[in-house]
Amino acid sequence: MRFPFRRATSEQDAASDSVGDNSRPSNSDEKHQTVDVAVAATDLEKIQHAHQWDPNLPREALDAVKRAAEKGDAGEMVAADLLFADESPYEEVRAAVQNVDGGEVANTIRAWIIGLLFVTVVSGANMLLSMRTPAINFPAIVTLLLSYPVGCLWAATMPTRVFNTFGVKWTLNTGPFTIKEHVVITLMANVTVGYAYSTDALLALQGKPFYDINFGWGFAYLFTLSSQLIGISIAGMFRRFLVWPSAMMWPNQFSKTSLFHALHSKSKNNEIDSNGWRISQYRYFFYVLAGMFLYYWIPGVLWQGLSVFAFVTWIKPNNVVVNQLFGGFTGLSLIPITFDWTYVTAYLDDPLLAPTQAHVNTLIGLFLFVIIPTIGITYSGALFSDYLPLVTSQTYDNTQSPYTVSNILGDNFTFDLEKYKQYSPLFLSPTLALNYGLSFAALTASLVHAGLFHGKEIWYRLKTARHQEPDIHMKMMKKYEDAPDWWYVALLLGSIALGLGTALGYDTQLPWWTFFVSLLLALVFVIPTGMILAIFNILLSLNVVSPFLAGFIIPGRPIGVMVFKVFSVITLGQAQVYSGDLKLAHYMKVPPKVTFWCQVVATIWAVFVQIAVMNWTLGNIPNVCALDQAAHFTCPNGRAFFSASIVWGVIGPQRMFGPGSLYVNFNWFWLVGAGLPVLLWVLVRKLHIDFARHFNAPILLGAMAWLPPATPLSFSSWAIMGLIFNYGIRKRFDAWWRKYNYITAAGLDAGLIISTIIVFFAIILPGVTIPQWWGNVDVYETLDATYMAVLKTVPEGGKFGPATW
């Protein structure tokens, strides 16, 4: 029997396939002799439990496994079992991850010193630069690239002498710089490249233009440390659901695994033909990196109009409807064209990493739940949206001016009802209002979807732990002693104690029980959202729902709302990030205990570095966080956190989404999110409409979570580029795709970030004037680019909106 998901796992396999059937034993007879049929039968039962609704396996493959189990034919059963046990059943994993473990050393002094050095520099730099406008970030791939020559230089120059200290032998140089050492360094960087989320709240608290409240260094350390460590512990405790299963592919790690293998490959040449291409991945990566590095100077500096190529608005710069429909800044980008990779990868990561289903569902969701409703809301005049831009995260008052929260505040940042009635209600752009509704829907959809489509699978994984369906990578990892669960439980209890002490020991406005509610909220969504990220590379967060619920639970407590948001959002976010890092270590065969300690130590150290940098900046840079700060250290994230805490903690969700409010009908999205997975489940399970299994309710509703501040251009261009590579090229040039797709993603991203860093420090930071010509000037003089594409304009001294509020 031929199994449809069996493909060549490498160019060598492809070459051997072409030799003929006589070149290998029929039906893998040699392997069949070493596999017990009873074991194969048990494995097939596990496979059916784990992959029954697996969207990344072809339907015919799942049916083939089912038939083999039902027929009971020994040969077919063993053949099916071997296809899972001897290689990954996913072509994406086979293309990006090698089924090898060279047993290289991972836990070395060299790895720890280099790793902590990069943690110090990168986390400190990212914290400092995040306080500036525009901000820039050094992602993990920068550390991955720079640490390679550093490690090789260390191996070439440092002494290999072995020391003996109190009976413990150690050395500064264990020999050649190994791939596992490289992974350990990158794992350290992964947990620290993004500044700690709590620092946004700390800036809102300590910044003089904001609350101007300083609880001291102790509060900052405890608050940040506890909020960061809780996520690590939860990720470790949920490994059986999000890391160990082969179905949890974690596509966002594929560019890293491909780059690791390319850099550490012993051969820089490759004679295997991949659709006519013979260049090695190593050389190809650096060619792509150099090409993107040079190319970005065109849309980044020389012709910035290429970034948002809204040519229709250039033809009709003053036509409101044209700018609303075709604009790329505040419009719907109905002709989505961009020549800037930063726009493509800005919000959903690299499109070459996500599977085709994610691209299709995102495009459909964008069209059905954003573009069509926005057009309907705007041109019907509902929600007074004809007075507002279509796509913006800016909130407005009834004079079409940005909403000024200070106009509704009394003493000590309390809500003044009379001032509120004299000033204005809060108005949201149609896409921002939809963003809230879709955020509600996506989270309820994720819960219902997980229950209906993965409920039995989740229960199965809870019981089986490390003894799940056969997987080549899990089989290889079993040679290493696992990090015991009690390590993660102890870390969880300790970090919760720190967090509770922080909430109660300072005037955070957060009652003890709401602290546990914030953690419970995150805990509920770890598995549903983690599975979506692990399978489809689409991130769902609590960024909108968390302050919304906190505003209902603890009304009138803006600081409490802010602290609640940090603990819930970052607990879920860190659990998602750390789970992905655990999968990276799993793929690269890094011992689990080494992974645990490198994550924990790096996180603790990064907290101290980031808080020190933040407090130094607040204390030593004049006028910091003010809008007119000379060096542009305006604290944009702290300002956004402050404004959000006022909106949700002072005005409150009751006045925005409660009975009688302008946006009350958006509460129906909770039910829409719960109902859509049920509809798809009925279509698949009861009506047996097979194509419906490719639709995913959480992605349809939640992929556009960052829209706004993102625009439809980023999402449509992301999906289109993904379909070109992962459907078009993959279908036509499969051998090329398997060898070069993920290394292409790594090269494009690496070249882009290096180019943007140099542009930032060479041009933006010193204020160098870019070429002043039509492509950099006139393209920004449209109604779309100037945020003036509104259907109605309020006359001087006039107002719009309801008469009373």
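This structure is a prediction, so every number in the text was calculated from the model and none was measured. (Residues numbered from 1 in each chain as written. Predicted model: local features only at pLDDT ≥ 70, side-chain atom pairs only at ≥ 80, totals over all residues. Heavy atoms only, no water.)

1. What about the packing of helix α9 (residues 179–190) against helix α13 (residues 254–264)?
As a reminder of what qualifies: What counts as an axis is a line fitted to C-alpha atoms, over the stretch in contact for a helix, and the angles between N-to-C directions run from 0 to 180 degrees. Where helices and strands are cited, they refer to DSSP runs of H or I of at least four residues and of E of at least two residues respectively, numbered from the N terminus. Left-handed describes a crossing whose near helix is turned anticlockwise from the far helix by less than a right angle; the clockwise case is right-handed. Every residue pair with non-hydrogen atoms within 4.5 Å of one another is taken to be in contact.
Here α9 crosses α13 at 145°, and the two axes come no closer than 10 Å. Seen along the crossing, α9 lies across α13 with a hand that is right-handed. Residues Ile179, His182, Val183, Thr186 and Asn190 of α9 touch α13, and the partners they reach there are Lys256, Phe260, His261, Leu263 and His264.

2. Some words on the state of the cysteines
Keep this limit in mind: Two cysteine sulfur atoms make up a disulfide if the distance between them is within 2.5 Å. Summary of the burial criterion: residues with accessible area below 20% of their type's maximum are buried, those above 50% are exposed, and those between are partly exposed, where the area comes from a 1.4 Å probe applied to protein chains only.
Overall, the coordinates contain one disulfide when judged by the stated rule. Covalent S-S linkage joins cysteine 625 and cysteine 635, the inter-sulfur distance amounting to 2.0 Å. Given an S-S torsion of about -70°, the disulfide between cysteine 625 and cysteine 635 has left-handed geometry. Taken together, the residues span a long stretch of sequence, with cysteine 625 in the loop between α27 (592–620) and α28 (636–651) and cysteine 635 in the loop between α27 and α28 at a distance of 10 residues. Assessed through its relative accessible area of 0%, cysteine 635 is described here as buried. Cysteine cysteine 152 shares no disulfide, and the gap to the nearest cysteine sulfur, in cysteine 598, comes to 19 Å. The exposure class assigned to cysteine 598 is buried, which follows from its relative accessible area of 0%.

3. Here we look at the pattern of salt bridges
Put simply, the rule is: Should a side-chain nitrogen of Lys or Arg be within 4 Å of a carboxyl oxygen of Asp or Glu, the pair is scored as a salt bridge.
Tallied over the full model, the rule gives 13 salt bridges. Between arginine 738 and glutamate 91 there is a salt bridge, with its nearest N and O atoms 3.4 Å apart. Linking arginine 738 in helix α33 (residues 734–764) with glutamate 91 in helix α6 (residues 91–96), this pair joins segments that are 647 residues apart in sequence. Among the salt bridges present, the one from arginine 239 reaches aspartate 482, with a minimum N-O distance of 3.1 Å. Of this pair, arginine 239 sits in helix α12 (residues 239–242) while aspartate 482 is found in the loop between α22 (472–477) and α23 (485–505), placing the two residues 243 residues apart along the sequence. Of the two residues, arginine 239 and aspartate 482, both sit in the buried class.

4. So, the side chain of aspartate 397
Rules: For the purposes of these results, a polar contact is taken to be a pair of N or O atoms within 3.5 Å, where, inside protein, one atom must be able to donate a hydrogen and its partner to accept one; residues adjacent in sequence count only when each atom of the pair is a side-chain atom.
Relative to the elements of secondary structure, aspartate 397 occurs in the loop between α19 (356–380) and α20 (417–422). A distance of 2.7 Å separates a polar atom in the side chain of aspartate 397 from a polar atom in the side chain of threonine 399. Those residues in contact with aspartate 397, other than ones at most four positions away along the chain, are Pro402, Tyr403, Tyr423, Ser424, Pro425, Phe427 and Phe800.

5. Describing the packing of aromatic side chains
Spelled out, the test is: Aromatic pairing here means that ring centres of Phe, Tyr or Trp (its six-membered ring) are within 6.5 Å. Orientation follows from the plane angle: under 30 degrees is stacked, over 60 is edge-to-face, and everything else is tilted. A positively charged side chain is recorded as over a ring if its NZ (Lys) or CZ (Arg) lies within 6 Å of the ring centre. The angle to the ring normal must also be within 35 degrees.
With the rule as written, the count across this model stands at 61 aromatic pairs. Between tyrosine 197 and phenylalanine 641, the aromatic rings sit 5.4 Å apart at their centres with planes inclined by 70°, giving edge-to-face as the arrangement. One end of the pair, tyrosine 197, is in the loop between α9 and α10 (198–206); the other, phenylalanine 641, is in helix α28, and 444 residues separate them in sequence. In this structure, tyrosine 197 and phenylalanine 641 share a single accessibility class: buried. Residues tryptophan 277 and tyrosine 284 carry aromatic rings whose centres are separated by 6.0 Å and whose planes lie at 80° to one another, so their mutual orientation is edge-to-face. Each member of the aromatic cluster is reached from another via a ring pair, and the members are Tyr436, Phe440, Phe548, Phe552, Trp648, Phe657, Tyr663, Phe666, Phe669 and Trp670. Directly above the aromatic system of phenylalanine 641 lies the positively charged group of lysine 565, at a separation of 4.6 Å from the ring centroid. For the cation-ring pair, arginine 730 lies above tryptophan 737, with the distance from its terminal atom to the ring centre recorded as 4.3 Å.

6. Section: the side chain of threonine 502
Position of threonine 502 relative to the elements: it lies in helix α23. Engagement of the side chain of threonine 502 in a polar contact is seen with the backbone oxygen of leucine 498, the distance being 2.7 Å. Setting aside chain neighbours within four positions, we find threonine 502 in contact with Phe219, Leu222, Phe223 and Thr508.

7. Observations regarding the confidence of the model for the protein
Rules: Per residue, pLDDT captures the predictor's confidence, and it can take any value from 0 to 100.
Mean pLDDT over the protein stands at 87; residues scoring 70 or higher make up 93%. Note on residues 1–33: pLDDT under 50 across the span, and 52 contacts to partners over four residues away in sequence or across chains.

8. Brief notes about the nonpolar core
Taken as a class, soluble globular proteins show a tendency for nonpolar side chains to be buried jointly. Operational definition: Here, nonpolar core means buried Ala, Val, Leu, Ile, Met, Phe, Trp, Tyr and Cys residues that are tied together by side-chain atoms lying within 4.5 Å of each other.
Counting residues in hydrophobic clusters, the biggest one holds 237 residues, and the most contacted among them are Leu259, Ile538 and Phe657. Looking at this core, the element that brings in the most residues is helix α26 (residues 558–587), giving 16 residues. Residue contacts for isoleucine 538: discarding those within four places in its chain leaves Leu348, Ala358, Thr362, Ile532, Leu533, Ile699, Ala703 and Trp718.

9. Here's the deal with the packing of α19 against helix α21 (residues 430–464)
A packed helix pair is summarised by two numbers, namely the angle formed by the two axes and the spacing between the axes. We apply this condition: Each angle receives one of four descriptions, namely roughly parallel if under 35 degrees, roughly antiparallel if over 145, roughly perpendicular if within 65 to 115, and oblique otherwise. When residues are sorted by character, Ala, Val, Leu, Ile, Met, Phe, Trp, Tyr, Cys and Pro go into the nonpolar class, Asp, Glu, Lys and Arg into the charged class, and all the rest, Gly among them, into the polar class.
Packing of α19 against α21 brings their axes to within 10 Å, and their N-to-C directions diverge by 130°. Regarding the angle of α19 to α21, the classification is oblique. Note that α19 runs across α21; the crossing there is right-handed. Across from Phe369, Val370, Pro373, Thr374, Ile377 and Thr378 in α19, the residues of α21 making contact are Pro430, Thr431, Leu434 and Leu438. When the residues that make up the contact of α19 with α21 are grouped by side-chain class, the tally is seven nonpolar, three polar and no charged.

10. Description of the pairing of strand β2 (residues 168–171)
Selection criterion: By the convention used here, strands pair only if DSSP detects at least 2 bridges between them.
Sheet analysis places strand β1 (residues 162–165) next to β2, joined by four bridges and oriented antiparallel. Its bridge partner being in β2, asparagine 164 is matched across the sheet by lysine 169. Counted between consecutive antiparallel strands, the loop separating β1 from β2 contains two residues, among which phenylalanine 166 sits at a positive phi close to 55°.

11. Re unusual backbone geometry
Here the bond from leucine 707 into proline 708 is cis, since omega is -15°, no more than 30 degrees from zero. Tracing the backbone through its elements, the reader meets proline 708 in the loop between α31 (697–702) and α32 (712–732). Phi is positive for glutamine 400, which is not a glycine, with a value near 65°. Position of glutamine 400 relative to the elements: it lies in the loop between α19 and α20. Positive phi values are uncommon outside glycine, yet cysteine 635 reaches one of about 55°.

12. With respect to the environment of threonine 224
Among the secondary structure elements, threonine 224 is positioned in helix α11 (residues 217–237). Between the C-alpha atom of threonine 224 and that of isoleucine 758, which follows or precedes it by 534 residues, the distance is 31 Å. Every residue in contact with threonine 224, bar those within four places of it in the chain, is listed here: Ala196, Ser198, Leu202, Val607 and Ile611. Side-chain polar atoms of threonine 224 contact the side chain of serine 198, separated by 2.8 Å.

13. Some words on the environment of isoleucine 757
Positionally, isoleucine 757 belongs in helix α33. As a C-alpha pair, isoleucine 757 and lysine 208 span 549 residues in sequence and 30 Å in three-dimensional space.

14. Observations concerning helix α14 (residues 281–295)
What counts, and what does not: How far a helix is expected to stretch is found by multiplying one less than its residue total by 1.5 Å.
Counted at 1.5 Å a residue, the expected span for α14 with its 15 residues is 21 Å, and the 21 Å between its end C-alpha atoms agrees. For α14, the secondary structure elements touched by its buried residues are α8 (140–157), α13, α18 (341–345) and α33.

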